[in-house]
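The residues making up each chain are set out below.
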Amino acid sequence: MTSGERNDRRPAGALEDEVLAVLWSASAPMSPAEVQAELGGRLAYTTVMTTLARLERKGLATRERLGRGYVYTPTVDEAAHTADAMWDLLSRRSDRAAVLAQFVSRLSPDDEETLQRLLREMTD
């Protein structure tokens, strides 16, 4: 890549997260065309279909036949999915205490207060 070029690649998992966000915001199962439309039509239909199929294989979405096609529903909510990702990343680090200390040091005062409250509730 030359200095004038830019890298348009998404970070790993970003497309899956975008598609999951659409599914989470829906009140009913969605077809690939509906997901594509919610994403602004900027992705090819086949890209959306491939991403939905990957989410199903990973157990993050289910699909059911509707007419001649399929509709998709998330199997995990946003909070659980995010917590799983955080846990996975933390479990791959050797100095977990240092990682947690850095994480906590970057929390906003409101987030820190929420975390402290949650920890108190877990120990009560």
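Residues numbered from 1 in each chain as written. Predicted model: local features only at pLDDT ≥ 70, side-chain atom pairs only at ≥ 80, totals over all residues. Heavy atoms only, no water.

**Side note on the overall build of the protein**
And then number 1: Helices and strands together make up the secondary structure of the protein, namely six helices and two strands.
And then number 2: Its helices and strands taken in sequence order, the protein reads α-α-α-β-β-α-α-α from the N to the C terminus.
And then number 3: In summary, the protein has a C-alpha radius of gyration of 19 Å against a globular reference of 14 Å for 124 residues, an excess of more than 25%.
And then number 4: Principal-axis analysis of the C-alpha atoms places the extent of the protein at approximately 50 × 50 × 25 Å.
And then number 5: Counting over 124 residues, the protein shows a buried share of 21%.
And then number 6: Long-range pairs, those at least 24 residues apart, make up 41% of the contacts in the protein between residues at least 6 apart in sequence.
And then number 7: Carbon and sulfur atoms provide 53% of the accessible area of the protein, an area that totals close to 9,200 Å².
And then number 8: Averaging the positions of the 16 positive and the 20 negative side-chain charges in the protein gives two centres separated by 9 Å. (Helix = DSSP H or I, 4+ residues; strand = E, 2+ residues; numbered from the N terminus. Rg over C-alpha atoms; globule rule 2.2 N^0.38 Å. Buried < 20%, exposed > 50% of the residue type's maximum accessible area, 1.4 Å probe, protein only. Contact = heavy atoms within 4.5 Å. Areas by Shrake-Rupley, 256 points an atom, 1.4 Å probe, with all protein chains shown as cover. Lys, Arg positive; Asp, Glu negative; His and termini not counted. Charge placed at Lys NZ, Arg CZ, Asp CG, Glu CD.)

**Topic: the packing of helix H4 (residues 78-91) against helix H5 (residues 96-105)**
Each pair of packed helices gets described by two things: the angle between the helix axes and the distance between those axes.
And then number 1: At a minimum axis separation of 9 Å, H4 and H5 run at an interaxial angle of 135 degrees. If you check the angle between H4 and H5, you find them oblique. Along its contact with H4, which presents Met86, Trp87, Leu90 and Ser91, the element H5 presents Arg96, Val99, Leu100 and Phe103. (Axes fitted to C-alpha atoms, helices over the stretch in contact; angles between N-to-C directions. Parallel < 35°, antiparallel > 145°, perpendicular 65-115°, else oblique.)

**Quick notes on the side chain of His81**
And then number 1: With respect to the helices and strands, the residue His81 is situated in helix H4.
And then number 2: Dropping the residues within four chain positions of it, His81 is found in contact with Asp17, Leu20, Trp24, Leu60 and Val76.

**Things to note about the nonpolar core**
And then number 1: Within the largest apolar cluster, 16 residues are counted, with the highest numbers of intra-cluster contacts made by Val19, Leu23, Val35, Leu39, Val48, Leu52 and Leu55.
And then number 2: Listed by contribution, the elements that provide at least two residues to this core are helix H1 (14-25) and helix H3 (45-57). (Core = buried A, V, L, I, M, F, W, Y, C linked by side-chain atoms within 4.5 Å.)

**Notes on the packing of aromatic side chains**
Two aromatic rings are characterised by how far apart their centres lie and by the angle between their planes.
And then number 1: A complete count under the given rule lists zero aromatic pairs for this structure.
And then number 2: Positioned above the aromatic ring of Tyr70, the side-chain terminus of Arg63 is 3.8 Å from the ring centre. (Phe/Tyr/Trp six-rings, centres within 6.5 Å; stacked < 30°, edge-to-face > 60°. Lys NZ or Arg CZ within 6 Å of the ring centre and 35° of its normal.)

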